[in-house]
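Here is what each chain is made of, one letter per residue.
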Amino acid sequence: MIASTGGKGGTGKSTFAVLLVLKLSNEGKKVVLCDCDVECPNDYLLLNQEIVDPKPIYRKLPELDEAKCVKCGICSRVCKENAVFWVKEKPPMFFLDLCSGCGACWIVCPNDAIKPKEDLAGEFFVNQLNSNLWLVTGRSKPGISETGPIVGEVKRRAMELAKDINADYLIVDTSPGTHCNVIQALLNCEKAYVVTEPTPLGAHDSALILELIKKMQIPAEIVLNKSDVGDRKQVEEISSNFGVSITIEIPYSDELVRSYSEGKLEEMVDLI
Amino acid sequence: MMASSLAILFSENGRVVACDCDVDAPNLGLWLGITEYDSTKRISTSEKATINPDKCVECGECFEACQFGAIERTRGFTINPLLCEGCGVCQLVCPADAVELKKVMNGEIGINEKKLGFPLVSGQLYPGETGSGKIVQELRRMAEEFDHDVMIIDSAAGIGCPVIASVTGCDYAILVTEPTPSGFTDLGRILEIVNHFQIPFGIVVNKWDINPSLSKKIENWSGERLLGKIPYDRKVVDSIVNLKPVVYSDTEVTSEVLKIFEKIKNQS
């Protein structure tokens, strides 16, 4: 399992992931691409696919049975997200927008008045592009802030599929950033490609993601996108500070930008 | 790019405070030419659990109850700090009082007051930590303490926790997109968030000339909401490399950004 990540948005994580799976599948390898950028999944667009036939992903949210509630307020005290509001002698009110689904409230309720209830958190899609290439896309329901568990579930499905079809590679495309949804995507990966660009912004953000990857003890390589524009000095410094080499360089090309925006990246596989 | 330009332009005729709420990958400072902060405060907005192996009776209650898969069963039970959300459920179910919750320093907030003529408040979540949304809330609280007419917030990418914490309570949102299928689809996703919170908004198409026909489609779709379109100019990369804000650079982008600023000013 290999990840394409990079900290910063718009550096080319998805472009690289798609080029990589196209290249591997052209070589006859069986590949599953898992789009773990569940907040804004784009790989299907880059591969010119439509995503249909959604399969649901659920999370657990509390549901109150007012008849059973003894109005003690313990649920409100244990909630770290301030999602349970309680005033004396009243049943609690739940602000589900803030709820992380941790279950503290239903665990402490002395009268079993709070029960977990399945709630739609997102969905996932499976596309088979050809005899060698599959795509698993996760998508969160807008308004849900805790997207890490959705990533975990989508990845679990992709791993099952990879096992079923006896895939040679599972490639994981992460979202930008370094928080829970990226951590979930990187978990258990054997290698991570850090896609960045030769600007102070790219250097700054790749240092952050490299810090995370170091903590997670995942071997990494740097992919320098738009390698011939800007100034690569800072990225080179970071590469040597972290002991992670720049192994792939993708020069800027109008053709790549155009094929990306038209969903025709297969024409550009030779770039990596 | 838009946030840095708007902060500078608004500051010419009023008091501005700029906030970098992209705490996963904060870049607003760099767009404004800032690499150092006058003061940096380490903050704690999250807790993490640890299991005391001497007290643990290995009953597995915590393993079953954790909704985040953070408890690992190897020799005994341990908590993976990367997955722990600090919710405390393991502590609640533990019959042996073996779980302790400890506050962790999960980020920092830097302030630069001197260089720009207006304060920049910038947040940073430490890599691997949780609680980005709460850092955004704390950052906005600190920014509110500066006298200001306009607060400019640069949000993270996506539609998750730090983004929701960034857009809640805003008076106006500028949605920046680009003419690619991804850009257009993601615009629809962020629109659902902005509409959910009933925030008035305008749309900017960046790099419109990389795909003029799709740009046209987005412009038509945006209708009255369109604030403007910005061409792609490789000189923008040079201005980032030189840490020179785009509004002070001589690029094709600069004049379009000025037009967009005028439009936003007249709306607010």
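Residues numbered from 1 in each chain as written. Chains lettered and ligands numbered in written order. Predicted model: local features only at pLDDT ≥ 70, side-chain atom pairs only at ≥ 80, totals over all residues.

(A) View of the overall build of chain A. In terms of helices and strands, chain A carries nine helices and 11 strands. Counting only C-alpha atoms, chain A reaches 70 × 40 × 30 Å along its principal axes. Taking as baseline every contact in chain A between residues at least 6 positions apart, the subset at least 24 positions apart corresponds to 74%. (Helix = DSSP H or I, 4+ residues; strand = E, 2+ residues; numbered from the N terminus. Contact = placed C-beta atoms within 7 Å.)

(B) Representation of unusual backbone geometry within the structure. Located in the positive-phi region is Lys 71 of chain A, a residue other than glycine, with phi close to 60 degrees. Take Lys 71 of chain A: it is sitting in the loop between β3 (55–64) and α3 (74–78).

(C) Representation of the sheet that holds strand β1 (residues 16–20) of chain B in the model. Residue and element names in this part refer to chain B. Strand order in the open sheet made by the five strands is β2-β7-β8-β1-β9, with mixed pairing throughout. Of all the strands in the sheet, just β2 (39–43) and β9 (150–154) have a single pairing partner and so form its edges. Each neighbouring strand pair of the sheet contributes to a mean axis angle of 15 degrees, computed without reference to strand direction. Two strands pair when backbone bridges link them, and β2 and strand β7 (residues 107–112) are joined in this way by five bridges, in the antiparallel orientation. For Ile 43, the partnering residue across the bridge sits in β7 and is Gly 107. Sheet strands touched by helix α1 (residues 2–11): β1 and β9. Its angle to β9, the strand with the most contacts, is close to 170 degrees. This element, helix α5 (residues 132–144), spans β1, β2, β7, β8 (120–125) and β9 of the sheet and lies at about 160 degrees to β8. (Pairing = 2+ DSSP bridges. Axes fitted to C-alpha atoms, helices over the stretch in contact; angles between N-to-C directions.)

(D) Region of the structure containing α1 of chain B. All names here are of chain B. Counting buried positions along α1 gives nine out of 10 residues, so the element sits mostly inside the fold. Those residues of α1 that sit buried are Met 2, Ala 3, Ser 4, Ser 5, Leu 6, Ala 7, Ile 8, Leu 9 and Phe 10. Contacts made by the buried residues of α1 are with β1, α2 (28–31), β9, β10 (173–177), β11 (201–205) and α10 (252–267). (Buried ≥ 20, exposed ≤ 12 C-beta atoms within 10 Å, placed from the backbone.)

(E) Representation of the domain arrangement of chain A in the model. As far as domains go, chain A holds domain 1 (2–47 + 129–271) and domain 2 (59–120). Computed from C-alpha coordinates alone, the two centres of domain 1 of chain A and domain 2 of chain A are separated by 38 Å. (Domains from an automatic or database assignment.)

(F) Representation of the nonpolar core. Judged by nonpolar contacts, the single largest core of 67 residues is most densely connected at Val 21, Val 32 and Cys 34 of chain A. Among the elements that line this core, the one with the most residues is helix α1 (residues 13–26) of chain A, at eight residues. Apart from residues no more than four positions distant in its own chain, Val 21 of chain A is found in contact with Val 31, Leu 33, Leu 133 and Ile 171 of chain A. If you look at the next biggest cluster of nonpolar residues, it comprises 61 residues, including Ile 43, Ile 152, Ala 157 and Phe 184 of chain B. (Core = buried A, V, L, I, M, F, W, Y, C linked by C-beta atoms within 7 Å.)

(G) Spatial organisation of the packing of helix α7 (residues 200–215) of chain A against helix α8 (residues 233–242) of chain A. Residues and elements named next belong to chain A. Contact geometry for α7 and α8: axes closest at 9 Å, N-to-C directions at 15 degrees. The orientation of α7 relative to α8 falls into the category roughly parallel. When you trace α7 past α8, the crossing you get is right-handed. The segment α7 lies against α8, with Pro 200, Gly 202, Ala 203, Ser 206, Ala 207, Leu 210 and Lys 214 engaging Gln 234, Val 235, Ile 238 and Phe 242. Residue composition of the contact of α7 with α8, by class: seven nonpolar, three polar and one charged. (Parallel < 35°, antiparallel > 145°, perpendicular 65-115°, else oblique. Left-handed = near helix turned anticlockwise from the far one by under 90°. Nonpolar A, V, L, I, M, F, W, Y, C, P; charged D, E, K, R; others polar.)

(H) Main features of the sheet that holds β10 of chain B. Residues and elements named next belong to chain B. Read from one edge of the open sheet, three strands run β10-β11-β12, paired in parallel fashion. The open sheet has two free edges, formed respectively by β10 and β12 (226–229), since each of these has just one partner strand. Averaged over all pairs of adjacent strands, the angle between their axes in this sheet comes to 20 degrees, without regard to strand direction. The pairing of β11 with β12 spans three bridges and is parallel. Note that in β12 the partner of Ile 203 across the bridge is Leu 226. Set on the sheet, helix α7 (residues 181–196) makes contact with β10 and β11; between it and β10 the angle comes to about 165 degrees. α10 rests against β10, β11 and β12 of the sheet, and its axis sits at about 170 degrees to β12.

(I) Representation of the domain arrangement of chain B. Residues and elements named next belong to chain B. One can read the domain layout of chain B as domain 1 (2–44 + 106–267) and domain 2 (47–104). Computed over C-alpha atoms, the centres of domain 1 and domain 2 are 39 Å apart. In this assembly, five residues from domain 1 lie in contact with five residues from domain 2. Along the lines of polarity and charge, the residues of the side of domain 1 that touches domain 2 split into no nonpolar, four polar and one charged.

(J) Seen up close, the interface of chain B and chain A. At the interface, 47 residues of chain B touch 50 residues of chain A. When residues of the side of chain B that touches chain A are traced back to their parent elements, those giving at least two are α4 (89–93), α5, α6 (161–167), α7 and α9 (235–241) of chain B. Sorting elements by how many residues they give to the side of chain B that touches chain A places α7 of chain B first, with eight residues. Across the side of chain B that touches chain A, the residue classes tally to 25 nonpolar, 16 polar and six charged.

(K) Examining the pairing of β1 of chain B more closely. Residue and element names in this part refer to chain B. Counting buried residues along β1, five of its five residues qualify, which places the element largely inside the surrounding structure. Both β1 and β9 contribute to a ladder of five bridges, which runs parallel. Note that in β9 the partner of Val 16 across the bridge is Val 150. As judged from the three bridges shared by β1 and β8, these two strands associate in the parallel manner. Counterpart to Cys 19 in the pairing with β8 is Val 121.

(L) Fine view of the environment of Ile 144 of chain A. Residue and element names in this part refer to chain A. Take Ile 144: it is sitting in the loop between β7 (133–140) and α5 (148–164). Here Ile 144 falls in the buried class, since 24 other C-beta atoms lie within 10 Å of it. Residues Ile 144 and Lys 88, spaced 56 residues apart in sequence, show a C-alpha to C-alpha distance of 30 Å.

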